[in-house]
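Examination of the molecular architecture
Each chain is listed here by its residues.
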Amino acid sequence: MSAPDPSLLSLNTVTVKRQWNLAQAIDGCARHGIRGISAWRDQVAEMGIKNAVSSIRKHGLTVTGLCRGGFFTSKDWLDDNRRAIEEAHELQAQCLVLVVGGLPSGSKDLMAARRQIKDSIQAILPEARKAGVPLAIEPLHPMQAADRACVNTLEHALDLCDALGEDERSAQGALGVAVDVYHVWWDPKLEAQVKRAGKKRLLAYHICDWRVPTRDLLNDRAMMGDGVIDLPKIRAWVEGAGYTGFHEVEIFSELDWWKRDPDEVLATCKERHARCT
Ligand code: ZN
């Protein structure tokens, strides 16, 4: 496996969210020669979307995703997803990442939650298509099924894409998936499902590593190379399926990377992307 193209590195701003606001993260990417950025909506709101758009354009960065839409099992899902689609459109984001939501509070009805998720994606899909915003369903590790997303495998996400159809007019599908290695690395069907997704449905590729032991279900992701995920192998599968997009570093790390000098974090992302992925 040859080394990854360094120009395909993207920074998900959550990786330095404790240290930097969005304006600082944009400047940081520019300074470190990182060409892609993926932003979170609360940070965009804080900066102001007009300012965010102009700063991103000024530095010539590609917005590899907007995080996030989804949470279809919560009460205000429709308005919230409409706003998310508008924001993704304004930012010219390559996709709106959907973290689909878990069980409504008090419920044990997983089947109903999954039906609600499917119906909700179906409801917003026409608006997303009209706005030119591809929707990327991100399957989350099953440990997060209750509280964040009860779509937990790439196979399940692709079944949803199949069930909800796709826009035949566009080369890139209006509905696809975000493959985040943290969530799917363990899956015995991963290689086959990446192949099944193909170029059209692979809308985003998120990288980090799986720390052993994991000390927190959400906020203990490792830097590439510090864990047990065979990143070159998964990249080979993803690129073999036709994906040519960015490799987005997304690290939630309460105990380590959120405590470090953010310039050190970005420098390490670049070095590890080149050496370990
Ligand atoms: Zn992700």
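So, here's what we can say about the structure. If you're wondering where the values come from, they're calculated on a predicted model, not measured in any experiment.

1. Things to note about the pairing of strand β2 (residues 36-40)
By the criterion of burial, β2 is predominantly enclosed, with five of the five residues buried. Residues Gly-36, Ser-38 and Trp-40 point to one face of β2 and Ile-37 and Ala-39 to the other, with burial holding for every one of them. Bridging between strand β1 (residues 9-12) and β2 involves three bridges; their strand directions are parallel. The partner of Asn-12 across the bridge, within β2, is Ser-38. In the classification by handedness, the crossover that spans β1, the intervening helix α1 (residues 22-32) and the parallel β2 is right-handed. As paired strands, β2 and strand β3 (residues 62-70) are joined by five bridges and run parallel to one another. Bridge pairing in β3 links Ser-38 to Gly-65.

2. Remarks on the pattern of salt bridges
Applying the stated rule across the entire model yields 20 salt bridges. A salt bridge links Arg-41 to Asp-80, with the nearest nitrogen and oxygen atoms 3.3 Å apart. Of the two residues, Arg-41 is situated in helix α2 (residues 41-47) and Asp-80 in helix α4 (residues 77-90); the sequence distance between them amounts to 39 residues. Note on Arg-41: relative accessible area 14%, which makes it buried. The closest approach of N and O atoms between Asp-226 and Arg-272, which form a salt bridge, is 2.9 Å. Here Asp-226, found in the loop between β7 (202-207) and α9 (231-240), pairs with Arg-272, found in helix α10 (residues 262-276); they are 46 residues apart in sequence, far enough to count as distant. With a relative accessible area of 38%, Asp-226 lands in the partly exposed category.

3. Here's the deal with the coordination of the zinc ion
Around a metal, the perfect tetrahedron of four donors has angles of 109.5 degrees, and the perfect octahedron of six donors has angles of 90 or 180 degrees. For the zinc ion, the full set of protein donor atoms is Glu-138 (OE), Asp-180 (OD), His-206 (ND1) and Glu-250 (OE), and the range of their distances to it is 2.0 to 2.3 Å. Around the zinc ion, the four donor atoms are arranged such that angles at the metal cover 82 to 149 degrees; this shape is classified as irregular. Each donor residue of the zinc ion belongs to the same chain, with the gaps between them written as E-x41-D-x25-H-x43-E. With Asp-180 in strand β6 (residues 175-180) and Glu-250 in the loop between β8 (247-249) and α10, the pair connects residues that are 70 residues apart, well separated along the chain. A relative accessible area of 0% means that Asp-180 is categorised as buried.

Quick notes on the rules
Residues numbered from 1 in each chain as written. Predicted model: local features only at pLDDT ≥ 70, side-chain atom pairs only at ≥ 80, totals over all residues. Heavy atoms only, no water. Buried < 20%, exposed > 50% of the residue type's maximum accessible area, 1.4 Å probe, protein only. Helix = DSSP H or I, 4+ residues; strand = E, 2+ residues; numbered from the N terminus. Pairing = 2+ DSSP bridges. Right-handed = clockwise from strand over helix to strand, strands pointing away. Salt bridge = Lys/Arg side-chain N within 4 Å of Asp/Glu carboxyl O. Donors = N, O, S within 2.8 Å, 3.2 Å for Na, K, Ca; no water. Tetrahedral: all angles 85-135°; square planar, octahedral: opposite > 155°, others 65-115°.

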